[in-house]
Structure formats: C-alpha cells, structure tokens
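One-letter residues, chain by chain:
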Amino acid sequence: MELFKMTQGLKYISNILRTFLSLVFLVPLQFSLAQETQSDSLNQTSEQDDKIWFSTIPNTKQKSLEPYYKALKSATYGPQRFSVIDQVAAYHMDQANTDSILYYGNLYQKELELWDKLESEKKIHYSRAYYILGVGNRYNGLLDNSIKWHISGITNGEEGNGSEGVYRNKIGLAKIYILKNQQDKAISVLEEGLSAYEDELPAITNDALICLGDANFNLNEYSEAKSYYEKAFEGAKKIGDLTQELEVNLKLGRLAEAEGDYNQAFNLFNETREKGLAAGITVFYFEGTIRVADLFYKEKNYEAATAALSIAYVNAIERGNLNYQKEVLDIQRRTFAATGDYQNAYAVMTQLDGVTSQIRAQQQQRINKELEVQYETLQKEKAITSLEEDQILKAAELERQKTIKNAFLIGFLIILIPILGLLYVYYQKIQTQSELTKKQKEINEQKVTTLKQEQELNLIKASIEGQDEERKRIAQELHDSIGGNLAGIKLQMASLNGDSKKYKGITDQLDKTYQLVRDISHTLIPRKFKQNAFTDLILEYAGSISSTGELEVGFHPHPEEAINKVDEKIQMELFKIIQELMTNTLKHAEAKKVDVHLSLIDDELSLLFEDDGQGFDVGKNTDGIGFKNVKNRIKELSGSFHIDSAGNRGTIVSLEIPIKTKNNEV
C-alpha cells in the first residue's frame with residue numbers, strides 16, 4: 001500500500017514537472033471566468049478575453065539584499081547587527097521564503113543567547129526574534145509551534161517594555177487563532193492590542209484591522225469585515241505601505257468571492273498578483289495565484305485551475321513553504337475529482353498526505369528535540385549528583401581529619417579570643433579618647449575664634465559708637481559754645497558804631513568764622529540726612545557706584561514718600577548696611593549688576609539686595625566681619641536677616657525692620 005502511494009505521488013510530481021516545463025517559466029493563459037450557465041455579467045467578462053500570466057519565481061539571492069549581507073559581516077555585535085538580521089528576515093517574510101525566515105529567526109535567537117548583556121536588556125530583542133520564528137512556523141503549517149513563539153514574544157516584550165514587539169506578536173497570535181478557527185479568541189487578542197497601541201503604532205494597527213476583518217469574515221459577518229478592511233486600506237494608503245494595500249486587496253477579493261461577485265474577486269486577485277510581482281513582494285503573487293486557481297475551480301474552469309496550481313506548487317516547493325503546498329494540493333485534489341480524473345486525484349491526495357505528514361513530523365521533531373534536550377539535561381544533572389556524592393564522601397573524610405586539628409586550634413582560640421577582645425576594647429577606648437580630645441580641641445579653637453570675633457566686633461561697634469558720640473559732642477560744643485560766643489561777639493560788634501574798613505573787615509571775618517563753625521558742626525552730625533530725602537541719598541550713592549563702569553546699580557523704593565519719613569537713625573543705619581553690602585559685592589562677587597529694592601508695608605521696612613555674581617556657600621562664608629556688622633546693626637534695630645546664595649547663582653540678601661515714620665504714621 002505504501003509503495004502504491006509513493007508511486008502515485010511520484011506520478012503526480014511528474015505531471016507537475018511536465019506542466020512546468022511546458023510553460024517554460026512564463027505562461028500566457030487565456031481563460032473565461034464564467035461558464036455559459038452563469039449570469040449575463042459573467043458572460044460579458046468571458047467575452048473580454050483577458051490574459052493571465054503565471055510564472056515561477058526562482059528563489060535566488062536578490063541583489064537588493066547584498067548591502068544587508070555586507071552589513072552583517074561588518075556590523076558591530078549587538079543592536080546594530082540585530083537590526084540588520086531583523087530587516088533581512090522581514091524581506092524574506094515578504095517573499096514567503098520559509099527556510100530563510102526560520103534561519104534568520106534562529107540566528108537572531110542564537111546571537112541573543114551569546115550576547116554578553118543582562119537578560120533585562122535582551123527582552124525586547126527576544127520579542128522580535130520570537131516574532132520571526134512564529135511567522136516562519138506559521139508558513140510551514142506548524143501552528144502550535146507558532147503559538148508558542150508568539151506567546152514567548154509577548155511575554156518578553158512586556159517584560160522589556162517593547163510595545164512594538166508585543167503588538168506584532170499579538171497580531172501573529174491572532175492569525176494562528178484565525179487559522180485554527182478560534183475567531184473569538186483572535187478578536188479578543190486584537191481588540192486588546194488596539195486599545196493599548198492603536199495611536200502609538202499606526203502601521204502595525206493596519207495589520208490588526210486586517211486580522212479583525214478576517215475573523216469577522218470567518219464568522220460570516222461580511223459587512224463588519226468589509227468595514228475593517230476598508231479602514232486598514234485607508235491607513236495603508238495614508239502611510240504609503242504597499243504591502244498592506246496588497247494584503248487588503250486579497251481580503252476584499254475573498255469577500256467578493258464569498259458574496260458571489262466572482263468578477264470583482266478575480267480583478268482584485270489578479271491586480272494583487274501583478275502589483276506584488278512588479279514590486280518584488282512575491283508572497284502576494286503566490287497568494288493571488290492560489291486564490292485565482294481556487295476561483296477557476298469554483299467557475300469549473302479546471303484546465304486553467306490546474307495550470308495555475310502547477311505553477312503555484314513549484315513556487316511553494318522552491319521556497320519550502322509547506323502551508324502553501326498543502327493549500328495548493330487540496331484545491332488540485334478537488335479539481336481532479338471534479339473532472340473525474342480519480343487517478344490523479346488519488347495521487348494528489350497521496351502528496352497532500354505526505355505534506356501533512358511532513359508538517360506533523362516537523363512538529364514531532366520539535367517536540368522530540370525538546371524532550372531530547374530535557375533528557376540530556378536530566379542525565380547531566382544525574383552525573384553532577386553522582387560527582388557531588390563522591391565529593392561529599394571525600395569532604396567527610398577531610399572533615400574528620402580536620403576535626404582533630406581544629407580541636408587544638410579551638411582550644412588555643414578560646415584563650416586567644418578574650419585577649420584579643422580586651423586589646424580591641426582598649427584600642428577602641430584609646431581611639432575614642434583621641435577623637436574626643438581632637439574634637440574638644442577643635443571646639444575650643446572655634447570658641448576662641450568666636451570670642452575673638454565677638455570681641456573685635458564689640459570693639460568696632462564701641463569705636464563706631466564712641467566716634468558717633470564724640471562727633472555729636474564736638475558738634476554740639478562747636479555749635480553751642482563757640483558758635484554761641486561768636487554770635488554774641490557779632491551782636492556786640494553790631495551795636496557799636498563804626499564804619500572804618502578795619503571794623504568792617506573784622507565783622508566779615510566773624511561772619512565767616514561763625515559760618516565755618518556751623519558747617520563743621522553740621523558735618524559732624526550728618527547734615528545730609530537732615531537736608532536731603534533719604535531715597536535721593538541712596539540714588540546718589542548708587543549713581544556714584546554705577547559711574548565707575550564696574551557695576552550697574554538699580555534702586556527701587558516703594559512707596560518713596562513714606563520711606564523718606566522713616567526715623568533718621570534707621571535711615572543712617574540702613575544707609576550703612578547698603579554700603580557694607582555694596583562693598584562686599586565689589587570685593588568678592590564679581591557681579592555685573594545689583595538691584596536694591598526698598599519697600600515699606602504696614603509696620604515693616606523691607607530691603608532686598610540682589611546681585612548676579614558668582615555666589616558662595618551660605619553654610620561656610622557668612623561669618624565675615626562685613627556680614628557680622630550688618631547682622632549687629634539689624635539686631636540693634638530688632639530686625640531679621642536672611643541670605644540666599646549658591647555657586648554661580650548670585651546672592652540675595654533680605655532683611656525686615658519694624659519701624660514708624662517721623663509723623664508716627666505706619
């Protein structure tokens with residue numbers, strides 16, 4: 001029986017080869033789409049005498065792939081090389097080259113296993129490799145294997161945050177469910193993918209829409225299927241993806257065929273074949289050829305169906321595509337049976353059985369290989385266990401010998417450990433005492449430095465206060481005593497009658513001397529604070545600094561009139577504070593601009609001094625004499641003081657002083 005089946009199979013192959021040779025690689029066939037028993041529209045189509053060309057496509061190394069092959073030789077091991085493998089595999093998917101798809105999928109996986117990186121970094125690449133393997137197994141009809149690879153791809157993609165890999169594998173999984181007639185599972189997977197990635201990955205979304213159309217088509221929901229196909233076609237046109245356009249054309253052709261519009265179906269199938277062949281996307285040429293052959297069979301044009309199927313079968317064998325072989329043989333079986341050629345029909349059934357067996361064998365080989373790997377792993381584990389047992393026995397003997405030696409060592413250590421412990425405690429105590437002494441010394445030095453600085457500040461403050469008091473006393477003496485005496489002498493001189501030049505000269509000298517004494521006394525008691533508005537004095541000071549060209553100073557008082565009514569003592573102290581801050585800026589900040597904001601709100605006078613200089617670490621550099629003088633002055637005025645600065649960010653000094661105006665107005 002087996003010999004008979006083999007003979008019948010060889011006979012069918014011989015028939016195929018004869019048909020193939022007679023076509024000489026390019027066969028112009030002229031067929032009518034309809035028999036005389038069909039409708040008028042189909043009869044009109046048969047009168048058009050359309051020509052359909054069928055040809056085999058040699059599975060040769062394409063010139064367009066040569067740059068990729070060169071890139072594989074020179075690409076750096078890692079993402080760069082993986083990208084080239086991914087692109088070459090995608091090309092072979094378009095060509096339906098099953099063996100090449102599986103080769104590059106396995107190559108991708110193997111190189112990932114050898115890549116010296118963390119598993120977390122490999123996840124996103126594993127997702128892509130498993131997608132390629134899933135597609136290759138689907139083309140070979142190994143649907144269960146394909147499901148396994150796509151699920152692994154989804155898992156790795158999710159763990160590696162690779163949304164593209166997850167989405168592609170979900171669509172690949174849905175395609176398998178559709179082939180296994182599990183439409184509800186396919187729709188569930190696709191809708192889940194759409195909700196997560198529709199906006200993020202529009203090109204892949206078109207594939208998902210096509211699959212949704214397929215699932216609804218298989219459920220006989222033709223209007224729903226057409227809606228998905230048309231939406232996918234619009235998306236493909238929008239992004240210029242010819243592959244997706246051709247795939248949708250095939251689906252729409254199947255839909256037209258299911259609805260009985262064979263003329264529309266034929267046009268779509270043939271258009272897809274021609275465009276696919278012209279663009280080098282031969283997978284659509286093969287698919288279209290099979291669909292046209294099936295359409296010829298349904299139209300009872302068996303001669304045309306046989307010719308188309310012969311070419312399709314040669315192409316499927318050339319590429320090792322078991323899935324295509326199975327589909328072609330199934331249609332050819334039905335064609336021979338319909339013509340009464342039962343001998344060839346049986347031969348085709350034998351071939352079909354062989355292809356199906358081959359698919360099962362490959363599936364079983366995969367299972368056997370996995371079992372073999374598991375067995376080898378188990379054997380290795382047993383060998384390792386045996387070695388471990390031997391090592392345990394040897395280790396036990398060594399332990400026994402060591403126990404005797406260790407007994408002596410333990411006795412020695414029992415004595416030695418307390419001694420070492422005491423020495424360690426004593427050492428720690430010495431170290432702690434040394435650290436305490438060192439810290440105490442640092443604290444004492446810091447206290448001495450602080451006391452010196454405080455004493456220095458107190459001396460400076462006392463000196464300033466003494467100078468101010470002495471100046472006031474001298475000014476008062478000059479004004480009250482000497483000035484009063486001079487005024488009295490002047491009055492006495494005025495009461496005398498005399499008009500000599502000498503008398504007049506003495507009077508003039510008295511006036512000048514009296515005026516000089518007044519000027520000196522007013523100078524000692526800062527006259528400018530009595531005669532000028534406070535804000536004008538600061539503006540004048542700011543102008544004098546800006547005039548040097550080294551620093552641009554801006555002064556912004558608000559409200560100016562209320563600020564000018566502040567007590568003179570506060571004005572004088574505030575003026576000195578601004579001078580001190582300006583001096584610090586000129587000395588240390590290397591600033592280009594300073595802004596001084598002075599505002600009086602309710603009972604509080606606020607000063608904001610800001611420069612764009614190099615700044616400093618507030619925690620380290622706020623103990624200088626200048627800042628301490630400022631702090632002491634503010635403290636005398638019961639105010640608060642704050643510095644905000646950092647390296648290369650400038651400095652901001654803000655202070656608040658509670659005050660009342662001269663007229664007791666807040």
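A. How the structure looks around the confidence of the model for the chain. Here the chain averages 77 in pLDDT, and 74% of its residues register 70 or above. Throughout residues 1-51 the model reports pLDDT below 50, and contacts reaching past four residues in sequence, or to other chains, amount to 80 contacts. For the stretch residues 662-666, pLDDT sits under 50, and the model shows twelve contacts to residues farther than four places along the chain or on other chains.

B. View of the packing of aromatic side chains. With the rule as written, the count across this model stands at eleven aromatic pairs. For the ring pair tyrosine 126 and tyrosine 130, a centre distance of 5.5 Å and an interplane angle of 25 degrees mean the geometry is stacked. With tyrosine 126 and tyrosine 130 both in helix H6 (residues 119-139) and four residues apart, this pair spans about one turn of that helix. No difference in accessibility class separates tyrosine 126 from tyrosine 130, as the two residues are buried. Pairing tyrosine 297 with tyrosine 302 gives two aromatic rings, centres 6.1 Å apart and planes at 50 degrees, and the pair type is tilted. Linked through ring pairs, Tyr77, Phe82, Tyr108 and Trp115 together constitute an aromatic cluster. If you follow arginine 138 out to its NZ or CZ, it ends over the ring of tyrosine 139, 5.4 Å from the centre. Positioned above the aromatic ring of tryptophan 149, the side-chain terminus of lysine 148 is 4.5 Å from the ring centre.

C. Local environment of the pattern of salt bridges. Applying the stated criterion to the full structure yields 17 salt bridges. Ionic pairing is found between glutamate 111 and arginine 81, a salt bridge with its closest N-O pair at 2.7 Å. Residue glutamate 111 is found in helix H5 (residues 98-114), and its partner arginine 81 is found in helix H4 (residues 79-95); the two are separated by 30 residues along the sequence. Here glutamate 111 matches arginine 81 in class, with each residue buried. The salt bridge involving aspartate 644 is made with arginine 649; its shortest N-O contact spans 2.9 Å. Judged by its relative accessible area of 33%, aspartate 644 is partly exposed. Taking the relative accessible area as the measure of exposure, arginine 649 reaches 53% and is therefore exposed. One salt-bridge network, held together by shared partners, links Glu257, Asp294, Lys298, Asp330, Arg333 and Arg334.

D. Highlighting the packing of helix H3 (residues 66-74) against H4. The N-to-C vectors of H3 and H4 enclose an angle of 155 degrees; their axes lie 9 Å apart at closest approach. In terms of orientation, H3 lies roughly antiparallel with respect to H4. Considering the relative orientation of H3 and H4, their crossing is left-handed. Taking contact as the criterion, the partners of Tyr68, Tyr69, Ala71, Leu72 and Lys73 in H3 are, on H4, Arg81, Val84, Ile85, Gln87, Val88 and His92. When grouped by side-chain class, the residues that make up the contact of H3 with H4 number seven nonpolar, two polar and two charged.

E. Structural view of the sheet that holds strand E7 (residues 651-658). Ordered by their spatial adjacency, five strands build an open sheet running E3-E4-E5-E7-E6, and the pairing between neighbours is mixed. The strands lining the two open edges of the sheet, one partner per strand, are strand E3 (552-558) and strand E6 (640-645). Neighbour-to-neighbour, the strand axes of the sheet open up by a mean angle of 10 degrees, direction not taken into account. As paired strands, strand E4 (residues 593-601) and strand E5 (residues 604-611) are joined by eight bridges and run antiparallel to one another. By the bridge assignment for E5, aspartate 595 is matched with glutamate 610.

F. Main features of the nonpolar core. Residues Tyr104, Tyr108, Leu112, Val283 and Tyr324 are the most contacted members of the largest nonpolar core, which totals 64 residues. The element best represented in this core is helix H14 (residues 282-298), accounting for ten residues. Filtering out sequence-adjacent residues up to four positions away, valine 283 remains in contact with Met93, Asp94, Gln95, Ala96, Tyr139 and Tyr324. Listed in part, the 37 residues of the second largest apolar core include Ala542, Leu551, Ile577 and Met582.

G. Main features of the environment of leucine 607. Relative to the elements of secondary structure, leucine 607 occurs in strand E5. For the pair formed by leucine 607 and phenylalanine 641, sequence separation is 34 residues and the distance between their alpha carbons is 9.6 Å.

Scoring rules and cut-offs
- Residues numbered from 1 in each chain as written.
- Predicted model: local features only at pLDDT ≥ 70, side-chain atom pairs only at ≥ 80, totals over all residues.
- Heavy atoms only, no water.
- pLDDT = per-residue confidence, 0-100.
- Contact = heavy atoms within 4.5 Å.
- Phe/Tyr/Trp six-rings, centres within 6.5 Å; stacked < 30°, edge-to-face > 60°.
- Helix = DSSP H or I, 4+ residues; strand = E, 2+ residues; numbered from the N terminus.
- Buried < 20%, exposed > 50% of the residue type's maximum accessible area, 1.4 Å probe, protein only.
- Lys NZ or Arg CZ within 6 Å of the ring centre and 35° of its normal.
- Salt bridge = Lys/Arg side-chain N within 4 Å of Asp/Glu carboxyl O.
- Axes fitted to C-alpha atoms, helices over the stretch in contact; angles between N-to-C directions.
- Parallel < 35°, antiparallel > 145°, perpendicular 65-115°, else oblique.
- Left-handed = near helix turned anticlockwise from the far one by under 90°.
- Nonpolar A, V, L, I, M, F, W, Y, C, P; charged D, E, K, R; others polar.
- Pairing = 2+ DSSP bridges.
- Core = buried A, V, L, I, M, F, W, Y, C linked by side-chain atoms within 4.5 Å.

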